[in-house]
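Residue-level structural notes
As a plain string of letters, each chain reads:
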Amino acid sequence: MSTATRPTTPATGSAPTPGAAPARRRPAAPSVPHRKLSLRTRLRRDAPLLVMTLPAVLLLVVFAYVPMLGNIMAFQQYSPYTGFFSSPFVGISNFARVFANPLFLNAVGNTLVITAFQLVFFFPVPILLALLLNSVLSPRLRVFVQSVVYLPHFFSWVLVVTIFQQIFGGAGLISQTLRNNGYSGFDLMTNPDTFLVLITMQSVWKDAGWGIIIFLAALGTVDPALHEAAASDGAGRWRRMWHITLPALRPVIILLLILRLGDSLTVGFEQLILQRGAVGAQVSEVIDTYVYYQGVVYGDWSFAAAAGLVKGLVSLALVLGANKLAHVFGESGVYKRS
Amino acid sequence: MSAPTPTLEVAPVTAKLAPARRLRRSKHRPTWEEDPSVVGLVGKGVVLVLLVLAIVFPLYTVLLTSFSTQAETLRTGGLVVVPGELTVEAYRQILTGGVVTRAAAVSIGITAVGTLLSTVVSVMAAYGLSRPSSLGHRPILFVFLITMFFGAGLIPTYLVVSGLGLINSYWALILPGAVSAFNILILRNFFMGIDAAITDAARVDGAGEWRILARIVLPMSGAVVAVVALFYGVSYFNAFFNAILYINDNDKWPLQLVLRSYVLQGVNLPGAGAQPDTGTSGAVAGLPIKMAVMVLAIIPILVVYPFVQRHFTKGVIFGAIKG
């Protein structure tokens, strides 16, 4: 019954050395000739496994795949009263409206600006923090700092925005302290000019700590012998960082960078919708919030669905393209797996 | 195992030397590495302290404010940094007033039910997909993967949920996000790393797949399952957008919506006692109460966090890096 030698993933042994080409561990051809089982036998054997996956598949079908089909409404003059099936088809006129709409184009612009800004000012922070933390010698101190910086990742955006409001807002801590000492206060929360800085600060506060986890893991795989050899050859601290530590991080950095690029039409939805009222739509409207307001709030269902579909398709293309790019760079990418 | 009676002259010398050397060389620093410069050490220390403070200080002052009197917040004009008059009045008010307590109960209930459902369903799916030769696991895996790359879009999802009659139902907060392909992949990855010899042995002994999952695989996967359950739990507890979308009935609001309306947007809390508006700046009125609501929203995370935190590196990295 049991197949002779199932190729087991290497539980022991060294973690894949970063930099090395990702050796896809194809199961080595079984030494014992594989007896082809009939479909019936396999079905009977694997029925319990299929039953186990059933609930998850059902949930996904209902809440992910049915809505995908529902995107048909982007081509319809959808109205809640007539429904999917009897709403008239109108071709691509909804898309024409979307692309002619200056508010949508503004939302696209904001989305890209926010993504670009965060790429420059958010993305490197976890890397720097991981390098810093990796150089801390005492394990106890390191674990302590790690558990503190991971924490905000688990707070909700409402909480984070509220904390920022209490610290940086017009009635917030800093403003009050300034005012009590005779300076004029300020309100960072409602200033459209500094909105980019504000939301980037929030992202850093919330997620930069969490971001280091993956870099620390990559750093953990560096063989200390490399450092020792370099040191005995006279390489100083910084040279070793440049020639040993950073190359170890390279695959992870490239992977995450590419993923981020692929995801560039999605910027924090909850974070932005929470603060849209305070700074105005001019700077804070992104594609996601725009779709929400057009559809759910103003009831222009087909128009919003069309805008959402544009975003979904462009995102899909970006992810696939980014993954392709990852392969070009010799990284394992995201989805190419056994 | 001490050396037999050291001579009295030698002993004090080593005792003097040893601590002095240990101060300079950390026992964790390899011998070949150069000693750190004072500037470097101090700089590193300062950055680390600032880093920890940036996270701890806001939490500290929010907590302190929630325990302060209204008068204290009026005096400082906002958050309280130096402990003054302390009271639990704010907590008494929100815990007796209906809105916050109710919302907290809703949030915790949804988190409990949702986390249980999601974790069970995900573990089953992950195990079902983890046998390298099982029938049909490839297409099913593909079904999961697609959802990671193409979201259906907000509007059609909303219409499906409302078409199922879930508007204003707690299930609307649970079902649409109940399974995450990413978490299933983390679990599957871990399950596949379990030595097949163990499960095969159980199969030879006549154990079915269910029994193998429950008796062999699960007991070996505590860390990963805990981390995935935490991920689900946090997303249920923090979910606020789904609640905006699907819950119109104020009585059914989870905690995050209460937080947004009454704390962030400053709408007056109904029921949380007569607002002690003393005619001073309205933004400050009731600050301890607001901060108490925030603390209430933080506490569940702080309670669970320490138990799961030590598994992060083990659990997350395993699935995350390899996707």
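Criteria and cut-off values
- Residues numbered from 1 in each chain as written.
- Chains lettered and ligands numbered in written order.
- Predicted model: local features only at pLDDT ≥ 70, side-chain atom pairs only at ≥ 80, totals over all residues.
- Heavy atoms only, no water.
- Helix = DSSP H or I, 4+ residues; strand = E, 2+ residues; numbered from the N terminus.
- Buried < 20%, exposed > 50% of the residue type's maximum accessible area, 1.4 Å probe, protein only.
- Contact = heavy atoms within 4.5 Å.
- Areas by Shrake-Rupley, 256 points an atom, 1.4 Å probe, with all protein chains shown as cover.
- Buried area = accessible area lost by both parts, 1.4 Å probe.
- Salt bridge = Lys/Arg side-chain N within 4 Å of Asp/Glu carboxyl O.
- Polar contact = N/O pair within 3.5 Å; in protein donor to acceptor, adjacent residues only side chain to side chain.
- Nonpolar A, V, L, I, M, F, W, Y, C, P; charged D, E, K, R; others polar.
- UniProt positions renumbered as here; feature names shortened; annotations may be inferred.
- pLDDT = per-residue confidence, 0-100.
- Axes fitted to C-alpha atoms, helices over the stretch in contact; angles between N-to-C directions.
- Left-handed = near helix turned anticlockwise from the far one by under 90°.
- Phe/Tyr/Trp six-rings, centres within 6.5 Å; stacked < 30°, edge-to-face > 60°.
- Core = buried A, V, L, I, M, F, W, Y, C linked by side-chain atoms within 4.5 Å.
- Patch = residues over 30% accessible without salt bridge, like charges linked within 9 Å, V, L, I, M, F, W, Y side chains within 5 Å.

It is worth spelling out the overall build of chain A at this point. In terms of helices and strands, chain A carries 15 helices and zero strands. Counting only residues that meet the buried cut, chain A has 44% of its 338 residues in that class. Within chain A, residue pairs in contact and separated by at least 24 positions form 66% of the contacts whose partners lie at least 6 positions apart. Summing over all exposed atoms, chain A offers an accessible surface of approximately 17000 Å²; the carbon and sulfur share of this is 67%.

Next up on the list: the overall build of chain B. The number of helices and strands found in chain B is 16 helices and zero strands. Considering only contacts in chain B between residues 6 or more positions apart, those separated by 24 or more positions represent 71%. When the accessible area of chain B is evaluated, it comes to approximately 15200 Å², of which 68% is carbon and sulfur surface.

On to the interface of chain B and chain A, then. Contacts between the two partners involve 103 residues from chain B and, on the opposite side, 100 residues from chain A. For the chain B and chain A pair, buried surface summed over both sides reaches about 9200 Å², with 75% attributable to carbon and sulfur atoms. Area buried by chain B at its contact with chain A is led by Trp32(B), Leu135(B) and Phe149(B), which between them contribute 9% of it. With its nearest N and O atoms 3.2 Å apart, the salt bridge here joins Arg131(B) to Asp46(A). Scanning the region where chain B abuts chain A turns up 14 residue pairs in polar contact (both at pLDDT 80 or more). Across the side of chain B that touches chain A, the residue classes tally to 72 nonpolar, 17 polar and 14 charged.

Turning next to the UniProt feature "transmembrane region" (unreviewed entry) in chain B. Residues and elements named next belong to chain B. The UniProt feature table records "transmembrane region" (unreviewed entry) at residues 38-60, 104-129, 141-164, 170-191, 212-232 and 287-308. End-to-end, the C-alpha atoms of residues 170-191 are 32 Å apart, and along that stretch the chain is 68% helix and 0% strand. Annotated as residues 212-232, this span is 95% helix and 0% strand, and its ends, taken at the C-alpha atoms, are 24 Å apart.

Looking now at the UniProt feature "domain: ABC transmembrane type-1" (unreviewed entry) in chain A. The positions that UniProt labels "domain: ABC transmembrane type-1" (unreviewed entry) are, in the present scheme, residues 108-322 of chain A. Summarising residues 108-322 of chain A: 77% helix, 0% strand, and an end-to-end C-alpha distance of 19 Å.

Let us now look at the pattern of salt bridges. Under the counting rule described, the total for this entry stands at ten salt bridges over all chains. Put simply, Arg97(A) and Asp300(A) hold a salt bridge, and the shortest N to O gap is 2.6 Å. Separated by 203 residues along the polypeptide, Arg97(A) in helix 3 (residues 93-100) and Asp300(A) in the loop between helix 14 (287-297) and helix 15 (301-328) bring together distant segments of the chain. With relative accessibility at 37%, the residue Arg97(A) sits in the partly exposed group. Residue Asp300(A) is classed as partly exposed on the basis of its relative accessible area, which comes to 23%. Here Arg203(B) makes a salt bridge to Asp200(B), at a shortest N to O gap of 2.9 Å. Linking Arg203(B) with Asp200(B), this pair stays in helix 10 (residues 196-204), spanning three residues, or about one helical turn. Several salt bridges share partner residues, and in doing so they unite Arg45(A), Asp46(A), Arg131(B), Asp200(B), Arg203(B) and Glu209(B) into one network.

It is worth spelling out the confidence of the model for chain B at this point. All names here are of chain B. For chain B, per-residue confidence averages 82 on the pLDDT scale, and 83% of positions sit at 70 or higher. Within chain B, no element has a lower average pLDDT than helix 1 (residues 11-24), which sits at 47, and none a higher one than helix 8 (residues 171-174), at 94. Segment residues 272-284: pLDDT under 50, and 18 contacts once partners within four positions in sequence are set aside and those in other chains are kept. In the predicted assembly, ipTM is 0.82 and pTM is 0.82.

Residue and element names in this part refer to chain A. Among the structural elements, Val 143 can be located in helix 6 (residues 139-150). Judged by relative accessible area, which is 47%, Val 143 ranks as partly exposed. Placed 49 residues apart in sequence, Val 143 and Asn 94 show a C-alpha to C-alpha distance of 54 Å.

Taken across its ten residues, helix 14 (residues 255-264) of chain B has ten buried, putting it largely inside the fold. Buried residues along helix 14 of chain B sit in contact with helix 7 (157-168) and helix 12 (269-279) of chain A together with helix 5 (98-128), helix 12 (222-238), helix 13 (241-246) and helix 15 (287-309) of chain B. Phi turns positive, to about 75°, at Gly266(B), one or two residues after helix 14 of chain B.

Before going further, it helps to examine the environment of Leu117(B). Residues and elements named next belong to chain B. Along the chain, Leu 117 turns up in helix 5. Look at Leu 117 and you get partly exposed, because its relative accessible area is 30%. Put simply, Leu 117 and Val 234 are 117 residues apart on the chain and 14 Å apart in space, counted from C-alpha to C-alpha. Aside from chain neighbours lying at most four places away, what touches Leu 117 is Ile 174, Leu 175 and Ala 178.

Orientation of helix 1 (residues 39-70) of chain A relative to helix 7 (residues 154-163) of chain B, taken along the N-to-C sense of each, is 115°, at an axis distance of 8 Å. Note that helix 1 of chain A runs across helix 7 of chain B; the crossing there is right-handed. Every residue of helix 7 of chain B that contacts helix 1 of chain A at Val62(A), Phe63(A), Val66(A), Pro67(A) and Gly70(A) is listed here: Pro156(B), Thr157(B), Val160(B) and Val161(B). Across the contact of helix 1 of chain A with helix 7 of chain B, the residue classes tally to seven nonpolar, two polar and no charged.

What follows covers the environment of Pro306(B). Residues and elements named next belong to chain B. Structurally, Pro 306 can be placed in helix 15. A relative accessible area of 48% means that Pro 306 is categorised as partly exposed. Counting along the chain gives 222 residues from Pro 306 to Gly 84, while the straight-line C-alpha distance between them is 30 Å.

Moving on, we get to the packing of aromatic side chains. One pass over the structure, following the stated rule, counts 22 aromatic pairs over all chains. Both rings, one in Phe155(A) and one in Trp205(A), keep their centres 6.4 Å apart while their planes meet at 35°; by these two values the pair is tilted. Residue Phe155(A) is located in the loop between helix 6 and helix 7, and its partner Trp205(A) is located in helix 9 (residues 195-220); the two are separated by 50 residues in the primary sequence. Both residues of the pair, Phe155(A) and Trp205(A), belong to the buried class. Ring plane angle 50° and centroid distance 6.4 Å describe the contact between Trp253(B) and Tyr262(B), whose orientation is recorded as tilted. Like Trp253(B), the residue Tyr262(B) is buried in the burial classification.

The biggest cluster of nonpolar side chains holds 171 residues, and the ones touching the most others in it are Tyr150(A), Phe154(A), Phe155(A), Tyr292(A), Phe144(B), Ile155(B) and Phe312(B). With near-sequence residues (within four places) excluded, Phe155(A) lies in contact with Val160(A), Trp205(A), Lys206(A), Leu59(B), Asn238(B), Ile298(B) and Ile301(B). Residues Val222(A), Ala230(A), Ala235(A) and Ile244(A) belong to the second largest nonpolar core, which totals five residues.

This part covers the side chain of Arg240(A). Mapped onto the fold, Arg240(A) is located in helix 11 (residues 237-262). On the basis of relative accessible area, Arg240(A) is assigned to the buried category, the value being 4%. In contact with Arg240(A), other than residues within four places in its own chain, are His227(A), Ala230(A), Ala231(A), Ala235(A), Thr245(A), Trp32(B), Glu33(B) and Glu34(B).

Next up on the list: a nonpolar patch on the surface. All names here are of chain A. Nonpolar side chains collect at one region of the surface, where Leu 69, Ile 72, Phe 75, Phe 89 and Ile 92 lie side by side and expose about 530 Å² of accessible area between them. The topology assignment puts Ile 92 in the loop between helix 2 (83-86) and helix 3. For Ile 92, a relative accessible area of 58% gives the class exposed.

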